[in-house]
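In case you want the letters, here they are:
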Amino acid sequence: MKRLLVLLMLASPATAQVTPNFTQGSMQSTTTTTIDIDRTIATNVYGGDYSSWSGTNIQASGDNIAATGTKFTLKTPGDQFQLEIVTRTAGKIQDSLVTETIEQASTTTSLSVFSQ
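Residues numbered from 1 in each chain as written. Predicted model: local features only at pLDDT ≥ 70, side-chain atom pairs only at ≥ 80, totals over all residues. Heavy atoms only, no water.

**Side note on the overall build of the chain**
And then number 1: Broken down by element type, the chain carries one helix and six strands.
And then number 2: Counted from the first residue to the last, the chain has its helices and strands arranged as α-β-β-β-β-β-β.
And then number 3: Relative to its 116 residues, the chain shows a buried fraction of 3%.
And then number 4: By sequence separation, contacts in the chain at least 24 residues apart represent 75% of the contacts at least 6 residues apart.
And then number 5: Split by element, the accessible area of the chain, about 10400 Å² in all, is 52% carbon and sulfur. (Helix = DSSP H or I, 4+ residues; strand = E, 2+ residues; numbered from the N terminus. Buried < 20%, exposed > 50% of the residue type's maximum accessible area, 1.4 Å probe, protein only. Contact = heavy atoms within 4.5 Å. Areas by Shrake-Rupley, 256 points an atom, 1.4 Å probe, with all protein chains shown as cover.)

**Some points on unusual backbone geometry**
And then number 1: Even without a glycine there, the phi angle at Asn 57 is positive, about 60 degrees.
And then number 2: Position of Asn 57 among the secondary structure elements: in the loop between strand 2 (50–56) and strand 3 (58–60).

**Brief notes about the environment of Asp 36**
And then number 1: If you trace the backbone, Asp 36 turns up in strand 1 (residues 24–47).
And then number 2: On the basis of relative accessibility, which here comes to 55%, the residue Asp 36 falls in the exposed class.
And then number 3: Taking C-alpha positions, Asp 36 is 5.8 Å from Ile 102, a pair spaced 66 residues apart along the chain.

**Comments concerning the packing of aromatic side chains**
And then number 1: Summed over the entire model, instances satisfying the criterion amount to one aromatic pair.
And then number 2: With a centroid separation of 5.4 Å and 65 degrees between ring planes, the pair formed by Trp 53 and Phe 72 is classed as edge-to-face. Of this pair, Trp 53 sits in strand 2 while Phe 72 sits in strand 4 (residues 72–74), and the two are 19 residues apart along the sequence.
And then number 3: For Trp 53, a relative accessible area of 30% puts it in the partly exposed group. (Phe/Tyr/Trp six-rings, centres within 6.5 Å; stacked < 30°, edge-to-face > 60°.)

**A word on the pattern of salt bridges**
And then number 1: A full pass over the atoms with the stated rule returns two salt bridges.
And then number 2: Of the charged contacts in the structure, one is a salt bridge between Glu 100 and Arg 39, with a shortest N-O distance of 2.4 Å. Taken together, the residues Glu 100 in strand 6 (residues 91–115) and Arg 39 in strand 1 connect sequence positions 61 residues apart.
And then number 3: Judged by relative accessible area, Glu 100 falls into the partly exposed class, the value being 26%.
And then number 4: By relative accessible area, which is 41% here, Arg 39 ends up partly exposed.
And then number 5: When the shortest N-O distance is used, the salt bridge between Lys 92 and Asp 95 registers 3.5 Å.
And then number 6: Taking the relative accessible area as the measure of exposure, Lys 92 reaches 46% and is therefore partly exposed. (Salt bridge = Lys/Arg side-chain N within 4 Å of Asp/Glu carboxyl O.)

Laid out in structure tokens, this is it:
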């Protein structure tokens, strides 16, 4: 008889009913994210050799102004004149260094409301 009772208890399904002990509620969640980025940008600019001249009331003795024998003379002696000569050798023209900090903060708030 004891075996039959144990056998019947094992064969019958077990059920449970859970009733919550609350009727309503809410939940709030806040997430804050902060990002800090430090970066440095280094730039080197290179260029070829360059020669030019410009002016008013001036003439050059040749096409190659960088040549040692090039002479500049006045077109009309006694008048005003202007002469600008630009020469640059090949190589590095400019260095640039930029350092910056990027800061970003974001906040997300969520609210859940539930009731039964």
